[in-house]
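What follows is the residue order along each chain.
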Amino acid sequence: MKKLLSLALIVLTTCFQARSDEGMWIPLFLGEFNEAQMQAMGMKITADDIYSVNHSSLKDAIVIFGGGCTGEVVSDQGLLLTNHHCGFRSIQKHSSIEHDYLTNGFWAKDKSEELTNPGLTVTFLIRMEEVTAIVLDSINTDMTEAERRMLINRHIKSIKEEATKDTHYKAVVKPFFLGNRYFLFVNEIFEDVRLVGAPPSNIGKFGGDTDNWMWPRHTGDFSIFRIYADKDNNPAKYSEDNVPYQPKKHLSISLDGINEGDFTFIFGYPGSTEEYIPSYAVDMTVNTINPIRISLRGKRLGVIKKYMNDSPEIRIQYAAKQAGISNGWKKWIGENRGIKRLHGIEKKEAFEKEFQKWSSLTENQKYNSLLSAFKETYDELYPLKKNLYYVVEGGLGIELIKYANSFSSLVNISNSKDVSQDKLDKTVKRLKKSTSSYFKDYQPEVDKEVFAVLFKTYYENVDKDEVPEEIQKQITKYKENFILFADEVFKKSMFASKDKIIDFLDNYKASQYKKIKKDPAYKIASAFIKQYKTNYYTKIAKLNSKLDSLMRIYMKAQMEMQPNKLFYPDANFTLRIAYGNVMGYNPADAVTYNYFTTLEGIMEKEDPDIYDYVVEDKLKDLYNNKDYGIYGNNGKMQVCFIANNHTTGGNSGSPVLDANGNLIGINFDRCWEGTMSDIMYDPDQSRNIMLDIRYCLFIIDKFAGAGHLVDEMTIVKSE
Ligand code: ARG
Ligand code: GLU
């Protein structure tokens, strides 16, 4: 019997493997291209239930959260779920040693306690529409790229005006398939978004950066917000008179749980992918750009982590910065390993061989010189990018240098012939504001050490003739002793001291710009920026514009060459659907990963001495008493799960929906072995990581005692 069962399992799993699906699809075309496959994979609803402009559909519950995440509406009072890491900055901004919401979590007892977040927005899609014909109207192949762009921009402008006439909507038009097609998005943006709840970091960020991008994962990565509107349910700036927004649609939540092979789909805003680039581009990322970013960020993180471990104050101050630096760093390591393991460059080269053959056919001659044009362009681009990344991740990775550089506009305004007092006052005001938030999260001692470490690495690796004269002068002066160099700059620069800067700004007169220009940190910053502008930026922009045009043509050619292949457009931070099945994977020889994790795993990872692995007594009590309420499953609390949905950055916070379109999880990450899926998806290794909605509700209800929030939601459970 056992044998039979495992045989059945093998058949089942291979069958799921065969179905595993790559792609981030346009909701508008689901009916045409994907519905049949989705239903064959287990979906019980229709394309029209997911996206429709004629009646309310699931899309009406999906939002862009802030500038780079997704969120979903889960109650008729505008309650919104997203990731903890998406709400992280908001939570951090409200946090201090006295009110450490990062460490302790935050739960508004009622609506009056919800916290406002100036600048945070939530964007609903009203409708989307293909506008290729209008955008590309009278564009022809004789035009220069600049002429083409000008005409396109003019068309886009009038499409946007037309689409938003007499409404408060905002429109965007974005290129798809690398400029071969265009789509219009009409959006409604809400500006009063309040923080309702966030678990403590040892739940919301459990495992921290050690577990980030990894499976098995046990992170309760969610936070809760609420959208407010004016009395007419329209977007409005924050006001005490605003009321909870009544959405057209909110998602129902299923507590039925997750089984291997279950159909799932992710509905959200994937940011950017590069699936159709030539081998040269992959080579540049893997062998030039990623190694520089990985090495410089690794060094920076080493310093920051040390200070964060030693001081609770620094831990709060640097939490969000450190998470951001580390997130990219680890992703690129995974990406490089993945591309190497997949032989990604060789695969692209093999395709290019075929392409070359195809393009030498008489009817495809117009594509015949594409690959050599790519090669030429990338040969020019490599060294420029190398130098650029040393400046961006090296010099500008030092907070002092970046901050000093933010004073360049003040220098320019003060230094102009007839100084406009109004402009000057505005700039000083803006700088005062940014100065106070900058120093809230700043420690010169951390930055000083980062300065020494980054400068040393920069100097040892960048081509010597690329070091700006001013910087070389200072390095020589300190005899390449970077610790001494850092000491001196931090001692002499006013930008290292809040008091000095505030005093300076309080009494600022235009003639004082000379003091800024003499400052050692400012001198370094402007040397870097000048070099960036004159030596790299213009050249890179020119090559990029050439590449844009080559890529557009190459994309078109790839589609012509493979007429039977169904292409999906690269991610471009527009609403997409990715679908697949719940499944584990084999990350390495002889290793098999199960598709879900449980609270048992949290207890296994527990370490009271490590901030990211602390388990609170309250959670332990619930665990010991198996007090899981309606959220448990046979005495177990399931925490996270994985599937082969094709996702990327921006999909964080995206709802994970089941065959009936009910919410079963929140997407928050990908498995490390599969992070090269932004360049090359691997059905065997690419898995997205999701929070099980039952764990999320368990934390809200049982751990935080905020059951009133669950009461607001629509819960469905069969049986
Ligand atoms: N890797 C996830 C993403 O790309 C989560 C990042 C936040 N978490 C962290 N530990 N830094 O956004
Ligand atoms: N954590 C990512 C985000 O913030 C999603 C993970 C990914 O890149 O797939 O969007």
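From a predicted model like this one, the values you see are computed outputs, not experimental measurements.

Rules and cut-offs
- Residues numbered from 1 in each chain as written.
- Chains lettered and ligands numbered in written order.
- Predicted model: local features only at pLDDT ≥ 70, side-chain atom pairs only at ≥ 80, totals over all residues.
- Heavy atoms only, no water.
- Near = heavy atom within 4 Å.
- Polar contact = N/O pair within 3.5 Å; in protein donor to acceptor, adjacent residues only side chain to side chain.
- Areas by Shrake-Rupley, 256 points an atom, 1.4 Å probe, with all protein chains shown as cover.
- Helix = DSSP H or I, 4+ residues; strand = E, 2+ residues; numbered from the N terminus.
- Nonpolar A, V, L, I, M, F, W, Y, C, P; charged D, E, K, R; others polar.
- Disulfide = S-S within 2.5 Å.
- Buried < 20%, exposed > 50% of the residue type's maximum accessible area, 1.4 Å probe, protein only.
- Axes fitted to C-alpha atoms, helices over the stretch in contact; angles between N-to-C directions.
- Parallel < 35°, antiparallel > 145°, perpendicular 65-115°, else oblique.
- Contact = heavy atoms within 4.5 Å.
- Core = buried A, V, L, I, M, F, W, Y, C linked by side-chain atoms within 4.5 Å.

Here we look at the site of ligand 1
Okay, step 1: In the region of ligand 1, the neighbouring residues are His85, Lys205, Gly208, Asp209, Asn212, Trp213, Ala323, Asn327, Ser652, Phe668 and Asp669.
Okay, step 2: Take aspartate 669: an N or O atom from its side chain is 2.8 Å from a nitrogen atom of ligand 1.
Okay, step 3: With the chains in place, 89% of the 340 Å² that ligand 1 exposes on its own is no longer accessible.
Okay, step 4: Within the residue set of the shell around ligand 1, elements represented by two or more residues are helix 9 (208-211), helix 11 (312-342) and strand 20 (663-670).
Okay, step 5: By residue class, the composition of the shell around ligand 1 is 3 nonpolar, 5 polar and 3 charged.

Digging into the state of the cysteines
Okay, step 1: Applying the stated criterion across every chain, the model contains 1 disulfide.
Okay, step 2: A disulfide bridge connects cysteine 69 with cysteine 86, and the sulfur atoms are separated by 2.1 Å. Taking the torsion about the S-S bond as the criterion, the cysteine 69 to cysteine 86 disulfide, at about -80 degrees, is left-handed. Of the two residues, cysteine 69 is situated in strand 2 (residues 69-73) and cysteine 86 in helix 4 (residues 84-93); the sequence distance between them amounts to 17 residues. Taken as a pair, cysteine 69 and cysteine 86 share a single burial class, namely buried.
Okay, step 3: Here cysteine 671 stays free of any disulfide, with the sulfur of cysteine 640 as its closest cysteine sulfur at 10 Å.
Okay, step 4: In this structure cysteine 696 is a free cysteine whose sulfur lies 11 Å from that of cysteine 640, the closest cysteine sulfur available.
Okay, step 5: Residue classification places cysteine 696 among the buried residues on the basis of a relative accessible area of 0%.

Observations concerning the packing of helix 10 (residues 279-310) against helix 13 (residues 370-394)
The axes of two packed helices give the description: the angle between them and the distance between them.
Okay, step 1: At their nearest, the axes of helix 10 and helix 13 sit 9 Å apart, and the two run at 5 degrees to each other. Between helix 10 and helix 13, the crossing angle belongs to the class labelled roughly parallel. Judged by residue contacts, Tyr280, Ala281, Asp283, Met284, Thr288, Ile289, Ile292, Arg293, Leu296, Arg297 and Arg300 of helix 10 engage Leu371, Phe374, Lys375, Tyr378, Leu381, Tyr382, Lys385, Lys386, Tyr389, Tyr390, Glu393 and Gly394 from helix 13.
Okay, step 2: The residue inventory of the contact of helix 10 with helix 13, partitioned by class, reads 13 nonpolar, 2 polar and 8 charged.

Thoughts on the nonpolar core
Okay, step 1: Residues Phe455, Phe495, Tyr695 and Ile700 are the most contacted members of the largest nonpolar core, which totals 213 residues.
Okay, step 2: Ranked by residues supplied to this core, first place goes to helix 22 (residues 520-561) with 17 residues.
Okay, step 3: Apart from the residues within four sequence positions on either side, isoleucine 700 is in contact with Trp107, Phe222, Ile224, Gly705, Ala706, Gly707, Leu709, Val710 and Met713.
Okay, step 4: Ile126, Leu151, Ile152 and Tyr182 belong to the second largest nonpolar core, which has 14 residues in total.

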